[in-house]
Amino acid sequence: TFEKPKTRSTAFDPLSTTGLSPYLKFGCVSVRRFYHGIQKVIAGQKHSQPPGSLVGQLYFREMAYLQGLSIPNFDKQVGNPACKQIPWSKDAKSLKAWEEGRTGFPFIDAAMRQLKEMGWLHHLARHAVACFLTRGDLWISWEEGRDVFDRLLLDADWALNNMNWLALAGVGGGGGPP
């Protein structure tokens, strides 16, 4: 059964993830039908449990929508009561190098080039580039990274993108990816 922590960012043929996120984002696959389909498949069988299961991932999706709706200025640092206020650096040169995959860190650069070329990244690569940009090496605001992901990801989703960037930057309250 699917368990998100056991997926591999290097598995391309076949993918170790479902690859369904763009289809869910654009409504090509109904989230409700998907959820009920999963319930039918796993009924009475041993299966993975939330948060790492497919059902757990759908719960995170719903939590992101709830947070986006209920937290004022959810997509911003300023005025967001659930966000730590951090004096991020304003380094346009480093931000541009990160976005273009020219940081000098091979894994980060490869992931950012893949994002630009394919419009998709495995969740572990998303975590790595987000941490590198924010609380890792560059100390640049999560809002900058979120904007790049919004522009380049095929499965960019306002609520999910903001919740994940808040969590991965270490500034948001609760939630976030497992």
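Below is a summary of the structure that appears in this document. Just so you know, the residues in each chain are numbered from 1, in the order the chain's sequence is written. Restriction of local features to residues with pLDDT of at least 70 applies here, the model being predicted, together with a cutoff of 80 or more for giving and counting side-chain atom pairs; totals for whole chains, interfaces and linings are based on all residues. With hydrogens and water excluded, all non-hydrogen atoms of the structure serve as input to the side-chain values.

**Comments concerning unusual backbone geometry**
A positive phi angle is found at Asn73, which is not glycine, with a value near 50°. Runs of H or I in DSSP of at least four residues are treated as helices and runs of E of at least two as strands, each being numbered from the N terminus. Position of Asn73 relative to the elements: it lies in the loop between helix H3 (54-70) and helix H4 (92-100). Exposure classes here rest on a 1.4 Å probe applied to the protein chains alone. A residue is buried below 20% of its type maximum, exposed above 50%, and partly exposed in between. The exposure class assigned to Asn73 is partly exposed, which follows from its relative accessible area of 37%. Notably, Trp139 is not glycine yet its phi reads approximately 55°, a positive angle. On the secondary structure map, Trp139 appears in the loop between helix H6 (123-136) and helix H7 (142-152).

**Considering the packing of aromatic side chains**
Any aromatic ring pair is given by two values, namely how distant the centres are and how the planes are angled relative to each other. What counts as a ring pair is set by centres within 6.5 Å for rings of Phe, Tyr and Trp (its six-membered ring), and what kind of pair is set by the plane angle: stacked under 30 degrees, edge-to-face over 60, tilted for all other angles. Scanning all chains against the criterion turns up five aromatic pairs. Seen from their ring centres, Phe149 and Trp165 are 5.0 Å apart, and the 80° between their planes marks the pair as edge-to-face. Separated by 16 residues along the polypeptide, Phe149 in helix H7 and Trp165 in helix H8 (residues 158-168) bring together distant segments of the chain. Accessibility classification places Phe149 together with Trp165 in one group, the buried group. Taken together, the ring pairs in this structure connect Trp98, Phe149 and Trp165 into an aromatic cluster.

Limitation: the analysis is restricted to geometry and does not speak to function.
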